[in-house]
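# Structural overview for review
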Amino acid sequence: MMEERQLHSTVKHVGRILTVRHDVVSLPNGKTTTRDVVDHVPAVVILPFQAPDTVYLIRQFRYSTGKTLLETCAGCMDPGEDPLDAAKRELAEETGIRAKTWTALTEGYPSPGFCNEYMYFYVAQDLEFGMPDTDEDEFVEVVKLSLTELEDALKRREIVDLKTVTAVLGLQRWVLHG
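As a starting point, this report considers the structure included with it. If you're wondering where the values come from, they're calculated on a predicted model, not measured in any experiment.

## Things to note about helix α1 (residues 83–95)
For α1, which comprises 13 residues, the first-to-last C-alpha distance of 18 Å matches the rise-based estimate of 18 Å (1.5 Å per residue) to within 8%. Of all the residues in α1, the buried ones are Pro83, Ala86, Ala87, Glu90, Leu91, Ala92, Glu93, Glu94 and Thr95. Taken together, the buried residues of α1 touch β4 (43–50), β5 (54–62), β7 (73–76), β8 (97–108), β9 (119–129) and β10 (140–146). Of the residues that open α1, the one with a side-chain oxygen 3.0 Å from the backbone nitrogen of Leu84 is Asp82. The positive-phi residue at the C-terminal boundary of α1 is Gly96, with phi of around 80°.

Put into structure tokens, the structure is as follows:
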């Protein structure tokens, strides 16, 4: 058995989308150690795809990196919200794009070593374009790329956001294998 058991937990910070806690845990060998954990709400990641070869990403300044990144549309789920409903809401809010066809690509933990955030990845198709309705602290630019331009951006490491890399790999697998 490899499981660790929480003996004590101290909340260090409560924020809008995450909580940081410091836990004391019992290890499988009977010893104790500490674990710092970020409790994060679930999130959705959306890659709008317009056949035969166009995707839409966003360019956004990310304060934690000090850089403007090229990435997929993504956002946090509201409590009790269905992942697909959250994906539809986030895509419309951030980009103004609405989609008629949705395909789930994959899902999982992006950084399980310290964070329990869980992400749901989607490809959105049959796109309709409108005006975004971003949050007042959210400034994004929609970027249209061909699949070749997308691949080149990955090769040049212009895309360093791993949720975007995961979405692109999922899209490539989906395009190749249906």
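Additional details are given in the paragraphs that follow.
## Digging into the pattern of salt bridges
Close approach of charged atoms allows side chains of opposite charge to pair. The full count for this structure, using the stated rule, is 13 salt bridges. Between Glu90 and Arg89 there is a salt bridge, with its nearest N and O atoms 2.9 Å apart. With relative accessibility at 7%, the residue Glu90 sits in the buried group. Between Glu128 and Lys100 there is a salt bridge whose closest N-O contact spans 3.4 Å. With Glu128 in strand β9 and Lys100 in strand β8, this pair connects stretches of sequence that are 28 residues apart. With a relative accessible area of 40%, Glu128 lands in the partly exposed category. Beyond isolated ion pairs, a larger network of salt bridges with shared partners links Asp78, Glu81, Arg89, Glu90 and Glu93.

Each value, and the rule that gives it
Residues numbered from 1 in each chain as written. Predicted model: local features only at pLDDT ≥ 70, side-chain atom pairs only at ≥ 80, totals over all residues. Heavy atoms only, no water. Helix = DSSP H or I, 4+ residues; strand = E, 2+ residues; numbered from the N terminus. Expected span 1.5 Å × (residues − 1). Buried < 20%, exposed > 50% of the residue type's maximum accessible area, 1.4 Å probe, protein only. Contact = heavy atoms within 4.5 Å. Polar contact = N/O pair within 3.5 Å; in protein donor to acceptor, adjacent residues only side chain to side chain. Salt bridge = Lys/Arg side-chain N within 4 Å of Asp/Glu carboxyl O.

Purely spatial values, then, with no claim about function.
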